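Chain and residue survey
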Amino acid sequence: MSKRILITGGAGFLGSNLSERLLNEGNKIYCLDNFYTGFKKNVEHLLDHSDFELVEHDVINPLPDLDVDQIYNLACPASPPHYQQDPIFTTKTAILGVINCLELGKKTGARVFQASTSEVYGDPLVHPQPESYWGSVNPIGIRSCYDEGKRVGETLMFDYHRQHGVDIRVVRIFNTYGPRMNPEDGRVVSNFIVQALKGEDITIYGDGKQTRSFCYVDDLLEGFVRLMNQDEVTGPINCGNPGEFTMLELAEKVIAKVGSESKLTFHPLPGDDPKQRKPDITLADKHLSGWKPAVKLDEGLDKAIAYFSSVI
Ligand code: NAD
Ligand code: UDP
């Protein structure tokens with residue numbers, strides 16, 4: 001059945017892909033964004049659709065009075081250089097944005113979905129990370145505006161649920177990549193691909209032996225929609241691809257796929273950069289009808305490389 005859906009951060013990487021998918025499934029979409037790290041061009045192809053509405057708004061302010069069935073809260077800069085550029089604004093977005101979504105959920109009865117993050121586990125001492133792990137987070141470092149902001153976001157979700165009965169869903173997203181990432185976003189997959197395509201040096205931070213697990217965007221969004229549209233669990237639920245790679249392995253794959261002459265260069269590791277990260281997806285498998293990522297890194301990189309070649 002068609003639903004009225006508000007997507008905050010809808011002009012960003014994940015938000016624009018989610019807006020397109022849910023619009024194509026016959027829903028009415030209110031795509032809300034302040035264009036801090038997102039772009040109107042990400043949703044330009046949707047603007048003529050009668051069921052698509054772009055709303056320019058900052059989630060740190062109370063949300064417009066929209067009568068909706070579901071709210072996906074994705075508004076928040078996600079790339080470390082961008083969320084560290086104005087850390088106070090990032091914390092305000094992470095916390096006030098969730099409060100404003102939950103207030104609208106309380107008023108309308110809409111189900112509220114929060115895009116949380118594997119950063120709630122910080123620099124994890126448990127590997128892989130299950131949802132039951134409470135994390136190892138520095139509260140006063142350069143990543144804290146984002147990590148602690150997202151942790152308080154989860155707290156608010158569960159307090160509104162317990163105190164006001166708001167219907168909630170919380171996903172913890174592990175590093176995701178794909179089309180509509182900003183080429184200048186600063187995250188590792190986009191940086192390496194763009195550098196390789198331009199024949200520039202590949203910037204490895206630290207010794208490159210830190211690990212991440214990379215999920216292709218379509219797999220992640222399938223997890224979002226399954227979590228949002230089931231009635232059994234609130235989460236938090238990890239969604240990510242358990243394939244784990246060092247940054248050196250990622251760089252070598254990208255260089256080989258692009259056929260680039262780029263050389264590896266080594267740069268200081270930013271503060272509090274997690275050493276390892278890999279999702280335990282047992283709960284997603286159990287509660288989201290056997291959800292598992294289908295796209296392996298090699299296949300996803302091919303698609304991402306094709307995208308970045310077309311836009312730079
Ligand atoms: P993105 O930067 O491309 O998108 C974020 C969007 O939110 C942008 O369009 C931006 O303009 C908008 N925004 C930021 N602050 C806002 C504000 N105050 N008011 C209104 N809009 C605002 O990043 P993304 O990768 O698409 O991430 C989307 C969400 O998913 C974020 O909440 C992020 O924390 C979460 N997440 C993403 C990943 C990932 O790997 N992509 C991992 C973990 C969590
Ligand atoms: N990284 C890197 N070179 C880059 C960008 C990032 O080596 O040009 C490293 C970064 O230090 C981190 C990993 O890649 O260890 C993932 O970084 P990203 O910013 O994509 O995500 P996050 O650290 O938030 O997981």
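A brief report on the enclosed structure follows.

1. Side note on the site of ligand 1
Close contacts around ligand 1 come from 30 residues, with L14, D33, T37, Y146 and T176 the closest. Within the side chain of D33, an N or O atom sits 2.5 Å from an oxygen atom of ligand 1. The contact in question runs from an oxygen atom of ligand 1 to an N or O atom on the side chain of K150, over 2.8 Å. For ligand 1, whose unbound accessible area comes to 820 Å², protein coverage reaches 97%. Of all the secondary-structure elements, those providing two or more residues to the shell around ligand 1 are helix 1 (13-24), helix 3 (87-108), strand 5 (111-117) and helix 4 (144-164). Here the element with the most residues in the shell around ligand 1 is strand 5; it accounts for three residues. Classifying every residue of the shell around ligand 1 by side-chain character gives 15 nonpolar, 11 polar and four charged.

2. So, the sheet that holds strand 6 (residues 168-173)
Reading across from one edge, 3-2-1-4-5-6-11 is the order of the seven strands in this open sheet, with parallel pairing throughout. Of all the strands in the sheet, the pair left with one neighbour each is strand 3 (52-56) and strand 11 (237-239). Neighbouring strand axes in the sheet, compared pairwise and without regard to direction, differ in orientation by 20° on average. Pairing of strand 4 (residues 70-73) with strand 5, which is carried by four bridges, proceeds in the parallel orientation. Bridge pairing in strand 5 places N73 opposite Q114. Strands in contact with helix 3 are strand 1 (4-8), strand 4, strand 5 and strand 6; relative to strand 4, the strand with the most contacts, it is inclined by about 175°.

3. Observations concerning the packing of aromatic side chains
A complete count under the given rule lists eight aromatic pairs for this structure. For the ring pair F113 and F224, a centre distance of 4.8 Å and an interplane angle of 50° mean the geometry is tilted. Placement of F113 in strand 5 and of F224 in helix 6 (residues 217-228) is noted, with a sequence separation of 111 residues between them. Across the pair, exposure class does not vary: F113 and F224 are buried alike. Centroid distance Y121 to F174: 6.1 Å. Interplanar angle 40°. Geometry classified as tilted. Placement of the pair is Y121 in the loop between strand 5 and helix 4 and F174 in the loop between strand 6 and strand 7 (176-177), with a sequence separation of 53 residues. The exposure classification of Y121 matches that of F174, with both residues buried. Clustering of aromatic rings is evident, with ring pairs tying together Y72, F113 and F224.

4. Digging into helix 4
Spacing of three or four residues puts side chains on the same side of an α-helix, whose turn is 3.6 residues. For helix 4, with 21 residues, the first-to-last C-alpha span of 28 Å sits near the 30 Å given by 1.5 Å per residue. Taken together, the buried positions of helix 4 are S144, C145, Y146, D147, G149, K150, G153, E154, L156, M157, F158 and Y160. Next to the buried residues of helix 4 lie helix 2 (80-83), helix 3, strand 5 and strand 6.

5. Re the pattern of salt bridges
Per the stated rule, a full pass over the model turns up 25 salt bridges. Its salt-bridge partner being R151, residue E148 comes within 3.4 Å of it at the nearest N-O pair. Taken together, the residues E148 and R151, both in helix 4 and three residues apart, mark about one turn of the helix. Take R151: its relative accessible area is 29%, and that puts it in the partly exposed class. Here D185 makes a salt bridge to R187, at a shortest N to O gap of 2.5 Å.

6. A look at the pairing of strand 4
Burial of the side chains of strand 4 extends over both faces: Q70 and Y72 are buried on one face and I71 and N73 on the other. Two elements, strand 1 and strand 4, share four bridges in a ladder whose sense is parallel. Paired with I7 across the bridge in strand 4 is Y72.

7. So, the site of ligand 2
Around ligand 2 there are 18 residues in total, and V188, T203, R212, D273 and R277 lie nearest to it. Within the side chain of E119, an N or O atom sits 3.5 Å from an oxygen atom of ligand 2. One of the side-chain nitrogen or oxygen atoms of D273 is found 2.6 Å away from an oxygen atom of ligand 2. Contact with the protein chains hides 95% of the accessible area of ligand 2, taken as 520 Å² for the molecule alone. The set of elements that each furnish at least two residues to the shell around ligand 2 consists of helix 5 (188-198) and strand 8 (202-205). In terms of residue class, the shell around ligand 2 is made up of seven nonpolar, five polar and six charged.

8. Quick word on the packing of helix 7 (residues 247-258) against helix 9 (residues 297-311)
Helix 9 packs onto helix 7 with a crossing angle of 55° between their chain directions and a minimal axis gap of 11 Å. On the basis of their axis angle, the class for helix 7 and helix 9 is oblique. In the crossing of helix 7 with helix 9, the sense of the turn from one axis to the other is right-handed. Contacts from L250, K253, V254, K257 and V258 of helix 7 reach helix 9 at L297, D298, L301, D302 and I305.

Each value, and the rule that gives it
Residues numbered from 1 in each chain as written. Chains lettered and ligands numbered in written order. Predicted model: local features only at pLDDT ≥ 70, side-chain atom pairs only at ≥ 80, totals over all residues. Heavy atoms only, no water. Near = heavy atom within 4 Å. Polar contact = N/O pair within 3.5 Å; in protein donor to acceptor, adjacent residues only side chain to side chain. Areas by Shrake-Rupley, 256 points an atom, 1.4 Å probe, with all protein chains shown as cover. Helix = DSSP H or I, 4+ residues; strand = E, 2+ residues; numbered from the N terminus. Nonpolar A, V, L, I, M, F, W, Y, C, P; charged D, E, K, R; others polar. Pairing = 2+ DSSP bridges. Axes fitted to C-alpha atoms, helices over the stretch in contact; angles between N-to-C directions. Contact = heavy atoms within 4.5 Å. Phe/Tyr/Trp six-rings, centres within 6.5 Å; stacked < 30°, edge-to-face > 60°. Buried < 20%, exposed > 50% of the residue type's maximum accessible area, 1.4 Å probe, protein only. Expected span 1.5 Å × (residues − 1). Salt bridge = Lys/Arg side-chain N within 4 Å of Asp/Glu carboxyl O. Parallel < 35°, antiparallel > 145°, perpendicular 65-115°, else oblique. Left-handed = near helix turned anticlockwise from the far one by under 90°.

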